[in-house]
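# Summary of structural features
Given next are the chains, with one letter for each unit.
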Amino acid sequence: MPEQEKSVNVRTREETVTEVPTPEEAYVAGLLREREGYARYDRPDRVAAVDEELGRLGVAVDGKDTAVESKPRRTARGGK
C-alpha cells in the first residue's frame, strides 16, 4: 500500500496528501517495465529471469503481463 506524504502550499496554506510508492512497490513496478521490454523484443530467457525475481517477491504474472500479489508480504515497519 502506498505511503502518504503530507505537504502544505505556502501561498494558500492548503494541505495536500500525495501517495508515494513504497520501495518494494517501486521495485516491482520497475521489474514489470523491464519484463515488458524483454517480452516486446522476444527475449524469453530474460522474461523468465524477471519472472523468477517477481516470484521470489510474491508477485505472480499471468500470460497477459499483469501482476497479482500472490501472498501477503510482511514489512519491518513495526505494525503497519
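Structure report, in brief. Treat the numbers as computed from the prediction; the structure is a model and nothing was measured. (Residues numbered from 1 in each chain as written. Predicted model: local features only at pLDDT ≥ 70, side-chain atom pairs only at ≥ 80, totals over all residues. Heavy atoms only, no water.)

## Here we look at the pattern of salt bridges
Taken as a whole, this structure holds four salt bridges when the rule is applied. Two residues, Arg-43 and Asp-45, come together in a salt bridge whose shortest N-O distance is 3.6 Å. (Salt bridge = Lys/Arg side-chain N within 4 Å of Asp/Glu carboxyl O.)

## Digging into the environment of Glu-25
Along the chain, Glu-25 falls in helix α1 (residues 23-40). Exposure remark for Glu-25: the relative accessible area of 27% places this residue in the partly exposed category. (Helix = DSSP H or I, 4+ residues; strand = E, 2+ residues; numbered from the N terminus. Buried < 20%, exposed > 50% of the residue type's maximum accessible area, 1.4 Å probe, protein only.)

## As for helix α2 (residues 44-56)
Its 13 residues place the ends of α2 18 Å apart at the C-alpha level, agreeing with the 18 Å of an ideal helix rising 1.5 Å per residue. Of all the residues in α2, the buried ones are Val-47, Val-50, Glu-53 and Leu-54. Mapping the buried residues of α2 onto a view down its axis gives an arc of 125°, with all of them on the same face. Exposed side of α2, more than 90 degrees from the buried face: Pro-44, Glu-52 and Arg-56 are the residues found there. In this structure, the buried side of α2 is in contact with α1 and β3 (59-61). Count one or two residues on from α2 and you reach Gly-58, which has phi positive near 90°. (Expected span 1.5 Å × (residues − 1). Arc of directions from axis to C-beta. Contact = heavy atoms within 4.5 Å.)

## Some words on the environment of Val-61
Relative to the helices and strands, Val-61 resides in strand β3. Taking the C-alpha atoms as reference, Val-61 lies 7.1 Å from Asp-51; in sequence the two are ten residues apart.

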